[in-house]
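The lines below spell out each chain.
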Amino acid sequence: MGIVVENVSKKFGSFQAVDGVSLEIESGSLVALLGPSGSGKSTLLRLIAGLEMPDRGKIWLTGKDATDQSVQERNIGFVFQHYALFKHLTVRQNIAFGLDIRKTSKAKIKTRVNELLELIQLAGLGDRYPSQLSGGQRQRVALARALAVQPQVLLLDEPFGALDAKVRKDLRAWLRRLHDEVHVTTVFVTHDQEEAMEVADEIVVMNKGNVEQVGTPAQIYDHPATGFVMSFIGPVNVLPSNSRIFQNNGFDSAHSEVFLRPQDVVVEREPNGTTVPARVSRLIHLGWEIQAELTLDDGQVVTAHLSRERFDELHIEPQQRVYVKPKDAKSFPLYYSI
């Protein structure tokens, strides 16, 4: 086992940042800690790193109790959101920094730095300074510096948060490929659901200092354990259980709210006995799909996602009358909004 978090809690004043969290992370896996601001994900990462000490509980790294170990003793690579590169050092010197501190021989440092420059696809830029690199290149250098000392665990705190959308998407794919090459146990913090779904082997969804669910991206999306998870992972309509859209479809919920994904809203041009009428209030063209905002007769608004092909078949326009029904829906007890 790579990392075991055992009943760990951390409080800052009266704020309970992490509340009795237990978690197991397999050696060599790539895991995302996902949740909104204040959910405890960054605090949990810092507890694993040794940058914060738990009020109670234990942290195990590769089978050893690391709870009272210092940051240096844990042999962890840590990458922050804002790079934290040394401006007065070249790319090569930045990557070598941790090896220099450990008094590694110059020959070994040169070999290791050259390997990492190839790995991060910056082989010709070793003599440049951070100010001469793009944001994406600087973040790759920060990752290489963390990997240089061959850590047993790599921790990334919102590593792409300071970058623009295009660079962020490119780096996500690059990080996935990098992990598949180096196989270092990696945990990264993000509030970006798409980022977690695209990169991680497993996702830990956190809320208010607790773990709501742990699973693969498919498990988290297709089989959410709570209303919070379903509402946080991907778009969702939250409707009262007595909404007309459910009345003709045999959906009987014991709970007051029902969750319906936009892609699970079926839109037809004609009624068929199981549909209810709605008016197209807005159409948003997203390129690969069309988002339709539909207003039911009782005033409730439902969002539907239609493929380009289905949209072309329907030939719908704003203010047009259509008919809708749910294809799939879920309900949960004790749902709390984000």
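To start, this report covers the structure provided alongside it. Model, not experiment: these values are computed from the prediction.

Calculation rules
- Position labels on residues start from 1 in each chain and follow its written sequence.
- Only residues with pLDDT of 70 or above have their local features reported here, since the model is predicted, and side-chain atom pairs are shown and tallied only from 80 upward, although totals for entire chains, interfaces and linings are computed over all residues.
- As a rule here, side-chain values cover all heavy atoms of the structure and leave hydrogens and water aside.
- Partly exposed residues are those whose accessible area sits between 20% and 50% of the maximum for their type, while under 20% is buried and over 50% is exposed, using a 1.4 Å probe and protein chains only.
- The numbering of helices and of strands both runs from the N terminus, where a helix is a DSSP run of H or I of at least 4 residues and a strand a run of E of at least 2.
- Any two residues having at least one pair of non-hydrogen atoms within 4.5 Å are treated as being in contact.
- We call Phe, Tyr and Trp rings a pair once their centres come within 6.5 Å, taking the six-membered ring for Trp, and we label the pair stacked below 30 degrees between planes, edge-to-face above 60, and tilted otherwise.
- What makes a salt bridge here is a side-chain nitrogen of Lys or Arg within 4 Å of a carboxyl oxygen of Asp or Glu, nothing more.

### Re helix H3 (residues 91–101)
For H3, every residue scored as buried is listed here: Val91, Asn94, Ile95, Ala96, Gly98 and Leu99. The secondary structure elements touched by the buried residues of H3 are helix H4 (106–119) and helix H5 (135–148). Directly beyond the C-terminal end of H3, a positive phi value near 55 degrees is found at Lys103.

### A closer look at the packing of aromatic side chains
Evaluated as defined, the whole model comprises 3 aromatic pairs. Judged by centre distance (4.6 Å) and plane angle (45 degrees), the ring pair of Phe86 and Phe97 falls under tilted. Linking Phe86 in the loop between strand E6 (76–79) and H3 with Phe97 in helix H3, this pair joins segments that are 11 residues apart in sequence. Given a relative accessible area of 28%, Phe86 falls into the partly exposed group.

### Quick notes on the pattern of salt bridges
As enumerated under the stated definition, the model contains 18 salt bridges in all. With a closest N to O distance of 3.6 Å, Arg46 and Glu52 form a salt bridge. Of the residues examined, Arg46 reaches a relative accessible area of 28% and is grouped as partly exposed. Its salt-bridge partner being Glu194, residue Lys169 comes within 3.2 Å of it at the nearest N-O pair. Taken together, the residues span a long stretch of sequence, with Lys169 in helix H6 (residues 165–182) and Glu194 in helix H7 (residues 193–199) at a distance of 25 residues. Among the residues examined, Lys169 registers a relative accessible area of 38% and is labelled partly exposed. The exposure class assigned to Glu194 is partly exposed, which follows from its relative accessible area of 46%. Overlapping salt bridges bring together Lys169, Arg172, Asp192, Glu194, Glu195 and Glu198 as one network.

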